[in-house]
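So the chains spell out like this:
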Amino acid sequence: MSGQSVTLVEAVRLAALQEMRRDPTVWVLGEDVARGGLYGQYKDFLPEFGPERVVSTPISESVIMGAGLGAALVGTRPIIEMRIFDFVMCAMDELVNQIAKIRYMFGGQAKPSVVVRMPHGIWRNSAAQHSQMLEAWFVHLPGVIVVTPSTPADAAGLLVSAIRSDDPVLFFDPKNLFPLTGEVAQVIEPIPFGKARTVREGRDLTLVSWSAILPAVEQAAATLAAEGIAADVIDLRTLWPWDEAAVCASVEKTGRLLVVQEAVTAAGFGAEVVSTVIERLGPARVKAARRLGAPRIPVPFSPPLEDAVKVTPAKIVAAAKAVMAG
Amino acid sequence: MQSTHNVQRLLDLFGTMCRIRAFETAALNAHKEGVVPGPLHVSIGQEGVATGVCLNLATEDRITSNHRGHGHAIAKGAGVQGMMRELFGRDGGHCRGKGGSMHIADFSVGMLGANGVVSGGIPIAVGAAQGLKMMRSSAIAVCFFGDGAINRGPFLEGLNWAALYQLPVLFICEDNGVSAFTATDTVTAGPGVMARAEALGVPGVSVDGNDVMAVDEAAARLVAEVRAGKGPRLLHARTFRITGHTSTDAAAWRDPASVEEAKTRDPIDRLAVVLAERGIAAADLDAVRKAAREEMDAAVADAKAAPWPQEAIAYEDVQDVGAVAYSGVSA
Ligand SMILES: Cc1ncc(C[n+]2csc(CCOP(=O)(O)OP(=O)(O)O)c2C)c(N)n1
Ligand SMILES: [Mg+2]
């Protein structure tokens, strides 16, 4: 299958386009989607699918979320577009109390087959209400799948899986990586949830990460390699389910683990990775394990302040060296 | 436009509108120059609403605003140097560089903050009114929001609440007909904000928001009623957003004719005509506009020259107990 080099935003556009062509029950609802969405991720959908399947909604997040659920219960497959992750706070009841619970509470009768798209992350000095990374909250929530891709191909393949999934999928578009380019196949195959991607192989240290910080991790790994430290770099791609086996196998080999997350370190998903690895391998097999993330402060607006709290390749290199010394 | 206003009042309205226009224009240019980071929402064309309302308020009255809040802040008396420094992310900004344009605030003049979340300011204004009433204050709360905000739950919940507890709050629906990139009437059912407010027990008045004298008159009446303890009121001000949603949005989907037509109803130009009829020389009005531009150019020059905030500031103002300390090395 011949591929094409496209941006990440175009990759997810193509993935949704392919699935909407394949399955007439797939549709999208959210603010400004008829105009192509905030990032152009639904560009040209309206002319092809019409206003019944490309629904530009009022600014009504709770109903966008709740109506998506209701429409799933009668057999459609809605893509619920939240525009920017932070606005999901306006639809938390519908997501947490309704979507995530309905199948279980009703003894398996309900099929909440929705995809909730929540472009997240630090994005061009957008300040504290447009920059949050709270993906760990949702790993804590039974009933949902949590998807956090970092490349065009992964974002496309995982979005296809998300749309076909009967489980509710929380899809975190890495909005800062929308311009990133990469190969995407003409026919986008689904990528299974819970399978990590090995970005780079090495025997000295395991670097685990996900979402928009991956390019910084890769850069750091290259710097480390130049200094003679060979890192296994693992992109988890999905946080629930997540590829415990791949991470444990790597740490068995290297004995050293650094989890890099863009989100606040405290009670983040990195804590889950570190504790799972230590539980599964036993403390004796893990020589050093660390997390690197943001300090527990909101994301500030001013460029130097934002830069100061962001995870950078230099900070990753420093943390990796600390793990090597540990 | 017929007016019963005295000339000094008209000049005050004119001066404030010119200052808002000059601030927005300077900010927009600075953003284009690349020195204002992040998203920027300006209110060019809508100055009559902020001005006509806020010139009826006292300093101790409180306002909440939305993402398009520069004009509200200026009309309420916020210092423009601190505002411009905030937009630039510099030291000495009202929010210490941590908020930026979308979170502009100046509590010292009762401006309780712009908001990055549509309708986020509505419950806050309602609560401010409740607190003021509880403390037997004569101050009131005023809440600015857009036409897009009336489709979110907090609008219904907030108006019901304000009416239920008969709170001293004035709601201002600044109706520019657009919700980001979508015409609001294509996503709004029923007869609109006035009918919704009335159904919730909040009496309202609808005015041409580009007629600052009409806004001023209506606001004066509504503020007096709210202050007298008669309960919440709503002012619906119809206006027009000349520019795009953000500084980077060309709003190309709009009919260019509608924009040209709206420019003929520019609130500043319209008031200039009235002032001329009332005997104010064109040169005097030009001097007001020029002074406003110079004030804002000076604010830009000051902001450009201002230092960046120290890294440690990022770690301050989080919480009293349990805050993480700045170690000198971030993260
Ligand atoms: C809860 C929420 N949903 C969506 C957005 C994105 N957004 C920012 S401004 C805006 C349009 C708001 O329209 P309106 O309230 O009429 O204000 P205007 O921009 O016209 O001044 C939207 C959808 C947001 N900030 N908050
Ligand atoms: Mg509007």
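Structure shown above.
An account of the accompanying structure is given in this report. (Residues numbered from 1 in each chain as written. Chains lettered and ligands numbered in written order. Predicted model: local features only at pLDDT ≥ 70, side-chain atom pairs only at ≥ 80, totals over all residues. Heavy atoms only, no water.)

1. Quick word on the overall build of chain B
Defined as follows: Secondary structure elements follow DSSP: runs of H or I of four or more residues count as helices, runs of E of two or more count as strands, with numbering from the N terminus. Within these notes, the globule rule equals 2.2 Å times the number of residues to the 0.38 power, and the radius of gyration is based on C-alpha atoms. Burial classes: relative accessible area under 20% of the type maximum marks a residue as buried, over 50% as exposed, and values in between as partly exposed (1.4 Å probe, protein chains only). Should any heavy atoms of two residues lie within 4.5 Å, those residues are considered in contact. Working definition of accessibility: Shrake-Rupley area with a 1.4 Å probe, residue cover restricted to the visible protein chains. The charged-residue count follows a simple rule in which Lys and Arg add positive charge and Asp and Glu add negative charge, with His and chain termini not counted at all. Every charge is mapped onto a representative atom, which is NZ of Lys, CZ of Arg, CG of Asp or CD of Glu.
The number of helices and strands found in chain B is 11 helices and seven strands. Scaling as 2.2 N^0.38, a compact globule of 331 residues should have a C-alpha radius of gyration of about 20 Å, and chain B matches this with 20 Å. Within chain B, the fraction of its 331 residues that count as buried is 59%. Pairs at least 24 apart in sequence give 74% of the contacts found in chain B among residues at least 6 apart. Summing over all exposed atoms, chain B offers an accessible surface of approximately 13,000 Å²; the carbon and sulfur share of this is 55%. Computed over 30 positive and 37 negative side-chain charges, the separation of the two mean positions in chain B equals 3 Å.

2. Focus on the environment of B:A306
All names here are of chain B. Looking at the secondary structure, you find A306 in the segment after α11 (282-305). Take A306: its relative accessible area is 6%, and that puts it in the buried class. The spacing of A306 and R85 is 221 residues in sequence and 7.4 Å in space, taken between C-alpha atoms. For A306, the residues in contact, after removing those within four places along its chain, are R85, R90 and D91.

3. Brief notes about the interface of chain A and chain B
Our working rule: Summed over both partners, buried area is the accessible surface (1.4 Å probe) that two parts give up on being assembled. By definition, a salt bridge exists where a carboxyl oxygen of Asp or Glu is found within 4 Å of a side-chain nitrogen of Lys or Arg. Nitrogen and oxygen atoms within 3.5 Å of one another constitute a polar contact, given that in protein one can donate a hydrogen and the other can accept it, and given that sequence-neighbouring residues count only through two side-chain atoms. Charged residues are taken to be Asp, Glu, Lys and Arg, nonpolar residues to be Ala, Val, Leu, Ile, Met, Phe, Trp, Tyr, Cys and Pro, and polar residues to be all remaining types, Gly included.
In this assembly, 32 residues from chain A lie in contact with 40 residues from chain B. Of the roughly 2,800 Å² buried at the junction of chain A and chain B (both faces included), carbon and sulfur atoms supply 66%. Three residues stand out in chain A for area buried against chain B, namely A:I59, A:F301 and A:L305, and they jointly supply 23% of the buried area on that side. Here chain A is connected to chain B by one salt bridge. Here B:R152 makes a salt bridge to A:E61, at a shortest N to O gap of 3.3 Å. Along the contact surface separating chain A from chain B lie 10 residue pairs in polar contact (both at pLDDT 80 or more). Per-element accounting of the side of chain A that touches chain B gives the leading share, five residues, to helix α11 (residues 303-309) of chain A. Considered class by class, the residues forming the side of chain A that touches chain B number 16 nonpolar, nine polar and seven charged.

4. Overview of empty space enclosed by the protein
All names here are of chain A. Let me state the cut-off plainly: With a 1 Å grid spanning the protein atoms alone, the term cavity applies to any set of points in which a 1.4 Å probe fits but cannot get out, the term pocket to an open set with protein on both sides within 12 Å along at least five of seven lines, and the term lining residue to any residue with an atom within 4 Å of a point. Grid points are joined across faces, edges and corners, and a volume is the space filled by probe spheres set on the points. Source of the domain bounds: an automatic or database domain assignment.
Taken as a whole and judged by the stated rule, the model has three cavities of 30 Å³ or more. Quantified by volume, the largest cavity comes out at close to 40 Å³. Together, H120, M133, E135, W210, S211, A212, I213, Q261, E262 and A263 line the largest cavity. Of the residues forming the lining of the largest cavity, the biggest block, three residues, is contributed by strand β13 (residues 256-264). A class-by-class count of the residues in the lining of the largest cavity yields five nonpolar, three polar and two charged. No fewer than three residues from each of domain 1 (3-185) and domain 2 (197-325) sit in the lining of the largest cavity.

5. Things to note about the nonpolar core
Put simply, the test is: The definition of a nonpolar core used throughout is a set of buried Ala, Val, Leu, Ile, Met, Phe, Trp, Tyr and Cys residues joined through side-chain atoms within 4.5 Å.
Residues B:F23, B:M84, B:L87, B:V142, B:L235 and B:L271 are the most contacted members of the largest nonpolar core, which totals 69 residues. Broken down by element, this core gets its largest block of residues, 12 residues, from helix α1 (residues 7-33) of chain B. The next biggest cluster of nonpolar side chains, apart from the first, holds 47 residues, and it includes A:I64, A:M92, A:V139 and A:L257.

6. Some details on helix α4 (residues 80-88) of chain B
Residues and elements named next belong to chain B. Counting buried residues along α4, eight of its nine residues qualify, which places the element largely inside the surrounding structure. Taken together, the buried positions of α4 are occupied by V80, G82, M83, M84, R85, E86, L87 and F88. Buried residues in α4 make contact with α1, α3 (70-75) and α11.

7. Brief notes about the sheet that holds strand β7 (residues 169-171) of chain A
Residue and element names in this part refer to chain A. Inclusion rule: For two strands to be treated as a pair, DSSP must find no fewer than two bridges joining them. What counts as an axis is a line fitted to C-alpha atoms, over the stretch in contact for a helix, and the angles between N-to-C directions run from 0 to 180 degrees.
On the basis of which strands lie adjacent, the open sheet formed by seven strands has the order β3-β2-β4-β5-β7-β6-β12 and mixed pairing. Taken across any chain shown, the strands that pair with only one partner, and hence form the sheet edges, are β3 (54-56) and β12 (238-240). The average undirected angle you get between the axes of adjacent strands in this sheet is 20°. Of the pairings in the sheet, the one linking strand β5 (residues 115-117) to β7 comprises three bridges and is parallel in character. Looking at the pairing, V116 lines up with L170 of β7. Helix α7 (residues 152-164) contacts β2 (26-30), β4 (77-81), β5, β6 (145-147), β7 and β12 of the sheet and is inclined by roughly 155° relative to β7.

Any functional reading would require information beyond the geometric quantities listed.
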